[in-house]
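# Overview (structure and organization)
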Amino acid sequence: MAESTLRGRRIVVGVTGGIAAYKACDLVSTLVKAEADVQVVMTENARRFVGEITFAALTGNPVSCDLWAPRADVHHVALADFADVVIIAPATANIIGKYANGIADDLLSTALLTFTCPVIIAPAMNSRMLASAAVQANLEALAERGARIVEPEEGWLACGEVGAGRLPDTGVLVAAIEEALRSRGGPLSGLRVLVTAGPTREPIDPVRFISNPSSGRMGYAVAAEAERRGASVTLVSGPVSLEPPLGVEVVAVTSAAEMHEAVEAYAGEVDLFVGAAAVADWRPAEASGEKLSKDGRDEMTVRMVRTPDVIASVARWEPRPVIVGFAAETRDVVANAAEKLRRKGMDLIVANDVGQPGAGFGGETNKVTLVDVIGRETDLPLMSKAAVAAALLDRAGELIASRESQ
Ligand code: PMT
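Description of the structure in this document. (Residues numbered from 1 in each chain as written. Predicted model: local features only at pLDDT ≥ 70, side-chain atom pairs only at ≥ 80, totals over all residues. Heavy atoms only, no water.)

### Section: the environment of Cys-117
- Tracing the backbone shows Cys-117 in the loop between α6 (107-112) and β4 (119-123).
- The exposure class assigned to Cys-117 is buried, which follows from its relative accessible area of 16%.
- Other than its neighbours up to four places away in sequence, Cys-117 contacts Ala-83, Asp-84, Val-85 and Val-86. (Helix = DSSP H or I, 4+ residues; strand = E, 2+ residues; numbered from the N terminus. Buried < 20%, exposed > 50% of the residue type's maximum accessible area, 1.4 Å probe, protein only. Contact = heavy atoms within 4.5 Å.)

So this is what it looks like as structure tokens:
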């Protein structure tokens with residue numbers, strides 16, 4: 001099993017009322033071991049076969065059964081926002097019929113109508129039920145609308161008959177989930193995106209360093225949004241206290257030199273590079289191996305030398321990705337940013353007025369102007385860093401598309 005495909009993925013497992021519901025425990029346990037974030041939704045009938053406590057214990061998440069349970073959000077919509085992929089295992093004739101005909105009379109059937117991510121149906125039932133014209137027509141209708149149907153296996157069935165209708169083993173179900181995740185689409189599907197985020201630390205001695213107040217939020221928002229749009233994302237991050245975005249590979253670094261080296265490891269392998277990190281421009285020429293003593297000193301001089309310019313190096317890669325940089329500026333924001341765009345060989349720069357309240361380092365919001373290589377300027381209002389990430393990726397997507405059409 002390719003654990004990296006499942007790590008951090010948000011999977012909704014719908015369990016309906018058939019004897020094979022017990023097999024869903026093994027499926028859920030396998031997904032959790034592969035570090036997926038799993039939410040189980042059970043129907044009333046499924047609870048006759050397996051207890052919700054079993055799934056709650058396996059997933060560490062509450063198990064949802066009731067459409068009417070009091071919550072702050074709208075539960076079936078929240079499930080759709082959460083899910084990268086949904087699997088109904090086992091899927092009874094009843095849930096298949098409801099889904100195919102748009103009937104929404106409990107939490108699972110209602111949620112099924114809100115999901116926009118891939119939905120996998122793993123039918124399990126008596127072989128004559130499975131072969132019935134009604135079930136076959138419903139399965140065909142669902143497959144035509146894009147649902148992925150896992151073929152039931154032949155064998156001994158709980159009713160004592162032998163035939164088609166068994167829920168396949170966990171390995172088959174997991175393979176279907178992985179396949180759905182790999183091909184789930186999105187505007188950046190199939191693209192490789194490399195993002196830098198956070199500050200760097202340049203050591204003076206083992207207990208002191210030069211750094212800046214970057215929290216990493218801006219770069220993490222870009223990485224999370226690129227992943228949501230279907231890209232395969234690597235985030236090279238300076239020291240921050242943020243959770244890694246789901247589904248994103250994170251490479252932790254400390255200094256500018258380490259960030260440069262980590263980024264260079266991907267030379268020629270990415271389609272889009274976004275440099276949101278606040279990389280130190282200077283570092284102490286020598287970092288003392290021992291803590292520097294202040295005894296007998298009233299002042300100290302630290303000689304500084306330049307750090308490697310990460311983004312300028314990326315601009316020399318062959319093939320060269322589309323390059324998006326940021327410019328943290330306090331005056332002549334757009335003009336200075338446009339000059340940096342030309343000097344460092346970028347395609348798009350996010351001019352960041354870090355002097356404005358609510359913009360720049362640390363907070364949840366930012367105020368930016370997008371300036372691209374042909375001089376187009378888009379001044380955006382104060383907005384969340386997630387919204388800035390979305391606007392930036394919209395424009396980067398256009399640049400990638402126009403490059404591909406040349
Ligand atoms: O992390 P947050 O708290 O959310 O704050 C977000 C942010 C303010 C850090 C972010 O929005 C931002 O503006 N990042 C770039 C900050 C910066 O270093 O700007 P700059 O003008 O010094 O650098 C220009 C570009 O060159 C940047 O893309 C930077 O990543 C890159 N650079 C800079 C120096 C260097 N040695 N190598 C680089 O690649």
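More follows now that the structure is in view.
### What about the sheet that holds strand β5 (residues 148-149)?
- Pairing within the open sheet is parallel, and its five strands lie in the order β2-β1-β3-β4-β5. The strands lining the two open edges of the sheet, one partner per strand, are β2 (37-42) and β5.
- Here helix α2 (residues 21-33) sits on the sheet and contacts β1 (10-15), β2 and β3 (85-91); the angle it forms with β1, its principal contact strand, is near 170 degrees. (Pairing = 2+ DSSP bridges. Axes fitted to C-alpha atoms, helices over the stretch in contact; angles between N-to-C directions.)

### Topic: the layout of surface pockets
- Estimates place the volume of the largest pocket at around 840 Å³.
- Along its surface, the largest pocket is lined by 41 residues, and Ala-277, Ala-278, Val-279, Phe-326 and Ala-328 are the ones closest to its centre.
- Elements with a contribution of two residues or more to the lining of the largest pocket: α10 (217-228), β13 (272-275), α12 (310-314), β16 (322-329) and α13 (333-344).
- With four residues, β16 is the single largest residue contributor to the lining of the largest pocket. (1 Å grid on protein atoms, 1.4 Å probe; cavity = no way out; pocket = protein on both sides within 12 Å on 5 of 7 lines; lining within 4 Å. Points joined across faces, edges and corners; volume = space filled by probe spheres on them.)

### Topic: the packing of aromatic side chains
- One pass over the structure, following the stated rule, counts zero aromatic pairs.
- Over the ring of Trp-282 we find Arg-306, and its NZ or CZ is 5.2 Å from the ring centre. (Phe/Tyr/Trp six-rings, centres within 6.5 Å; stacked < 30°, edge-to-face > 60°. Lys NZ or Arg CZ within 6 Å of the ring centre and 35° of its normal.)

### Side note on the state of the cysteines
- Counted by the stated rule, this structure contains zero disulfides.
- Here Cys-65 is not disulfide-linked; the sulfur of Cys-25 is the nearest cysteine sulfur, at 13 Å. (Disulfide = S-S within 2.5 Å.)

### Let's talk about the environment of Val-324
- Topologically, Val-324 is positioned in strand β16.
- Accessibility expressed as a relative area gives 0% for Val-324, which makes it buried.
- For the pair Val-324 and Leu-380, spaced 56 residues apart in sequence, the C-alpha to C-alpha distance is 16 Å.
- Excluding residues that lie within four positions of it along the chain, Val-324 makes contacts with Leu-272, Phe-273, Val-274, Gly-275, Ile-311, Leu-348, Val-350, Leu-392 and Ala-396.

### Here we look at the site of the ligand
- In the vicinity of the ligand there are 29 residues, among which Ser-214, Ser-215, Lys-340, Asn-352 and Gly-362 approach most closely.
- Between the ligand and Ser-215, the relevant distance is 2.6 Å, taken from an oxygen atom to a side-chain nitrogen or oxygen of the residue.
- Between the ligand and the protein, one listed contact pairs an oxygen atom with a backbone N or O atom of Gly-360 at 3.5 Å.
- Within the complex, the protein chains bury 96% of what would otherwise be the 760 Å² of accessible surface of the ligand.
- Using a 2 Å cut-off from the grid points, one finds that the ligand occupies the largest pocket.
- For the shell around the ligand, the secondary-structure elements that each account for two or more residues are α10, α12, β16 and α13. (Near = heavy atom within 4 Å. Polar contact = N/O pair within 3.5 Å; in protein donor to acceptor, adjacent residues only side chain to side chain. Areas by Shrake-Rupley, 256 points an atom, 1.4 Å probe, with all protein chains shown as cover. Sits in = over half its atoms within 2 Å of the grid points.)

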